[in-house]
Amino acid sequence: MKRILVVGAGGQIGTELVPFLQKNYGEDNVIAAEVRPEVVERLSENSMAIQLDALDFNGYGEAIKKYNIDGIYNLVALLSAKGELNPELAWKINMGALMNSLNLAKELNCALFTPSSIGAFGNSTPHYKTPQDTVMRPDTVYGICKVAGELLGDYYHRRYGVDTRSVRFPGIISNGCLPGGGTTDYAVEVFYEVIKNGRYTCEVPEDAYMDMIYMPDALEATVQLMEADPSRLKHRNSFNIASMSFTPEQIFNEIKKRIPSFTWDYKIDPVKANIANSWPDCLDDTCAREEWDWNPKWGLQEMITDMLKVCEEKVKAGLY
Ligand code: AKB
């Protein structure tokens, strides 16, 4: 890939993926696209940024042609908890952006990355060491979109030869941009609340195990997969990746070891509780390790140290 368009670039992943891609492919070869004008303005401080509605097929196609794009990262999505508030809208946005991305990748000869998620799994999936290929009957509209997206990605590859690739992201922990509308958001919010207020109220049950990943590993995985030798890929859409798995109670206790005054309680959101309990406890990522050498670097302890340090700096600087 030489010229990359990141669609939905203003969210949690895009905010950090754009500079990461710039480092890998050159500043002028990465274009950040976002629908919200105020976010386009923010993005334009550090990269080429354009306003683009991923649901507008013609406008999306024009941008690909104008900037000679040959690689698309489609990050447009309403996340799991938010999607349950308005399932029709979630389907319209998530699938609309995906279908436009697939069809434009096919017509204009682009590689396409669209993330899937642990949300593609559901209650009937084996929860421990969830295999790469297993039961996928998600309980949320977000998950249904992810499963449909995985199948369509494989279909466009098989039928039309489109270079589609994807990973199933765990909850992503980051200190760049706060996530919004996800079930795993608690694992990011807690760091800011600890620093600002010394306490946190968690909406996810204390014993709900979920896979998580620190942003540097998530970024590395994305580029590593897109650069992988295609002849080694037996799978494409979508790879399990894993690096850490914990419950709210476990991470809060680890944070308390560093900040003894930290206190927390629970005010369970039934929607998030159902989602968290339906997702795997931990994934088996053997295929990603074998097919493209996935090898995460960040574990729970290193992540906590880094998050506390960076969040403290940001809170002190008045950025949160
Ligand atoms: C969410 O919680 O919805 C996302 C995800 C795991 O896909 N962070």
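In this text, all values refer to a predicted model and were calculated from it rather than measured experimentally.

Quick notes on the sheet that holds strand E8 (residues 164-165)
Taken in spatial order, the six strands make up an open sheet running E3-E2-E1-E4-E5-E8, and their pairing is parallel. Bordering the open sheet on either side are strand E3 (48-51) and E8, each of which pairs with just one other strand. Sheet analysis places strand E1 (residues 4-7) next to strand E4 (residues 71-74), joined by four bridges and oriented parallel. Bridge pairing in E4 links Val6 to Tyr73. Strand contacts of helix H8 (residues 215-226): E4, strand E5 (111-113) and E8, with the helix running at about 155° to E5, the strand carrying the most contacts.

Here we look at the site of the ligand
Lining the immediate surroundings of the ligand are Leu79, Ser80, Ser117, Ile118, Tyr142, Gly171, Gly182, Thr183, Thr184 and Trp279. Within the side chain of Tyr142, one N or O atom sits 2.6 Å away from an oxygen atom of the ligand. The contact in question runs from a nitrogen atom of the ligand to an N or O atom on the side chain of Thr184, over 2.9 Å. In isolation the ligand has 250 Å² of accessible area, and contact with the protein removes 93% of it.

Things to note about the domain arrangement of the protein
Domain annotation for the protein reports domain 1 (4-170 + 214-240) and domain 2 (172-212 + 244-316). Placing a centre on the C-alpha atoms of domain 1 and another on those of domain 2 gives a separation of 22 Å. Each partner contributes to the interface: domain 1 provides 44 residues, whereas domain 2 provides 42 residues. Buried surface at the junction of domain 1 and domain 2, both sides included, amounts to about 3,700 Å², of which 62% is carbon and sulfur. Along the contact surface separating domain 1 from domain 2 lie one salt bridge.

Basis of the calculations
Residues numbered from 1 in each chain as written. Predicted model: local features only at pLDDT ≥ 70, side-chain atom pairs only at ≥ 80, totals over all residues. Heavy atoms only, no water. Pairing = 2+ DSSP bridges. Helix = DSSP H or I, 4+ residues; strand = E, 2+ residues; numbered from the N terminus. Contact = heavy atoms within 4.5 Å. Axes fitted to C-alpha atoms, helices over the stretch in contact; angles between N-to-C directions. Near = heavy atom within 4 Å. Polar contact = N/O pair within 3.5 Å; in protein donor to acceptor, adjacent residues only side chain to side chain. Areas by Shrake-Rupley, 256 points an atom, 1.4 Å probe, with all protein chains shown as cover. Domains from an automatic or database assignment. Buried area = accessible area lost by both parts, 1.4 Å probe. Salt bridge = Lys/Arg side-chain N within 4 Å of Asp/Glu carboxyl O.

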